[in-house]
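Residue-level listing of the chains:
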Amino acid sequence: MNAFGEPWTTRHTHYFSDPDAGPEALLNDATEWLQYAHSCVQVLTELVQERGSPDARRLTVMLEGIGAFIEMGTRSATQAHLRMQWQEIRRQAEQPVATP
């Protein structure tokens, strides 16, 4: 039996951004998600140092959670990149074409 349903949650986590969010907001989100992952790795490192060997069941849940944080941060950064490119294309399309 899974306590709190952690394995299901970490396998079914998706990142949904605000459709009106700009690249800066998405990059801030990416930074935040990656900071969560970093903090989890630090906690995991401390647990291993204190106890020697963590409970295998809890270790897999924590690693899956770290993977979900990294995936959400990566998706957010990718969306920011795509929106920056889209904004550049729109900017170029709005510029008048120079005629010789």
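Residues numbered from 1 in each chain as written. Predicted model: local features only at pLDDT ≥ 70, side-chain atom pairs only at ≥ 80, totals over all residues. Heavy atoms only, no water.

Here's the deal with the overall build of the protein
The secondary structure content of the protein amounts to three helices and zero strands. Burial analysis of the protein (100 residues in total) assigns 18% to the buried set. (Helix = DSSP H or I, 4+ residues; strand = E, 2+ residues; numbered from the N terminus. Buried < 20%, exposed > 50% of the residue type's maximum accessible area, 1.4 Å probe, protein only.)

Some points on the packing of aromatic side chains
All told, the structure shown has three aromatic pairs when counted by the stated rule. Ring geometry for Tyr36 versus Phe69: centroids 5.5 Å apart, planes at 50°, classification tilted. Of this pair, Tyr36 sits in helix 2 (residues 23–51) while Phe69 sits in helix 3 (residues 56–94), and the two are 33 residues apart along the sequence. Overall, Tyr36 belongs to the partly exposed group, its relative accessible area being 36%. The exposure class of Phe69 is partly exposed, given its relative accessible area of 22%. Here a set of aromatic residues connected by ring pairs shows up, and it is made of Trp33, Tyr36 and Phe69. (Phe/Tyr/Trp six-rings, centres within 6.5 Å; stacked < 30°, edge-to-face > 60°.)

Section: the confidence of the model for the protein
Mean pLDDT over the protein: 82, with 80% of residues reaching 70 or higher. When pLDDT is averaged over each helix and strand of the protein, the minimum, 53, is found for helix 1 (residues 6–11) and the maximum, 91, for helix 2. (pLDDT = per-residue confidence, 0-100.)

Here we look at the packing of helix 2 against helix 3
One can describe the packing of helix 2 onto helix 3 by two numbers: an axis separation of 8 Å at closest approach and a directional angle of 160°. The orientation of helix 2 with respect to helix 3, classified from their angle, is roughly antiparallel. Crossing of helix 2 against helix 3: the hand is left-handed. In terms of residue class, the contact of helix 2 with helix 3 is built from 22 nonpolar, four polar and four charged. (Axes fitted to C-alpha atoms, helices over the stretch in contact; angles between N-to-C directions. Parallel < 35°, antiparallel > 145°, perpendicular 65-115°, else oblique. Left-handed = near helix turned anticlockwise from the far one by under 90°. Nonpolar A, V, L, I, M, F, W, Y, C, P; charged D, E, K, R; others polar.)

Digging into helix 2
Over its 29 residues, helix 2 runs 42 Å from end to end, which matches the ideal 42 Å to within 8%, given 1.5 Å per residue. Inspection of helix 2 places Pro23, Leu26, Ala30, Ala37, Cys40 and Leu44 among the buried residues, and these make up the whole buried set. On its buried face, helix 2 is in contact with helix 3. Directly beyond the C-terminal end of helix 2, a positive phi value near 90° is found at Gly52. (Expected span 1.5 Å × (residues − 1). Contact = heavy atoms within 4.5 Å.)

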